[in-house]
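Per-entry structural report
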Amino acid sequence: RLRAIVPTAKFLLEKNAKLILCSHFGRPKGEIIEKGKNGRLTPTVPHLENLLGTTVTKADDCMGAEVEKMAADMEPGTVLLLENTRFYAEET
């Protein structure tokens with residue numbers, strides 16, 4: 001599924017967009033799981049960087065003041081990956 005976003009993501013990056021990605025992953029049922037099929041999105045970062053040909057910064061959450069600051073501080077043409085939205089029970 002990551003490959004499916006590549007053409008659009010590259011197009012946006014070429015236009016100097018600030019690209020913020022979010023995803024739900026597995027079925028952690030509102031719990032933070034560090035590793036495995038229901039865990040953090042950290043293992044996807046190197047794969048995304050390879051596909052997009054650029055550095056991907058990862059947030060440790062998908063909402064909140066820290067994430068808002070990370071998004072506000074982004075430079076044009078950069079990528080921010082938010083944490084697994086399913087760590088929140090409302091998303092499961």
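Each remark here, short or long, concerns the structure printed above.
Here is a short report on the structure shown in this document.

Thresholds, definitions, all that
Residues numbered from 1 in each chain as written. Predicted model: local features only at pLDDT ≥ 70, side-chain atom pairs only at ≥ 80, totals over all residues. Heavy atoms only, no water. Salt bridge = Lys/Arg side-chain N within 4 Å of Asp/Glu carboxyl O. Buried < 20%, exposed > 50% of the residue type's maximum accessible area, 1.4 Å probe, protein only. Helix = DSSP H or I, 4+ residues; strand = E, 2+ residues; numbered from the N terminus. Disulfide = S-S within 2.5 Å. Arc of directions from axis to C-beta. Contact = heavy atoms within 4.5 Å.

Evaluated as defined, the whole model comprises three salt bridges. As a salt-bridge pair, Lys58 and Asp60 come within 3.8 Å of each other at their nearest N and O atoms. Classification of Asp60 by relative accessible area gives exposed; the value is 56%. When the shortest N-O distance is used, the salt bridge between Lys58 and Glu83 registers 2.6 Å. In this pair, Lys58 is assigned in strand E2 (residues 56–58) and Glu83 in the segment after strand E3 (79–81), connecting sequence segments 25 residues apart. No difference in accessibility class separates Lys58 from Glu83, as the two residues are buried.

In total, this model carries zero disulfides according to the counting rule given. A disulfide-free cysteine, Cys22 has its sulfur positioned 7.7 Å from the sulfur of Cys62, the nearest such atom. Exposure remark for Cys22: the relative accessible area of 55% places this residue in the exposed category.

Taken residue by residue, helix H2 (residues 44–52) has Val45, Leu48, Leu51 and Leu52 as its buried positions. Mapping the buried residues of H2 onto a view down its axis gives an arc of 130°, with all of them on the same face. Among the exposed residues of H2, those oriented more than 90 degrees off its buried face are Pro46 and Asn50. Where the residues of H2 are buried, they touch helix H1 (2–14), strand E1 (19–21), E2 and E3.

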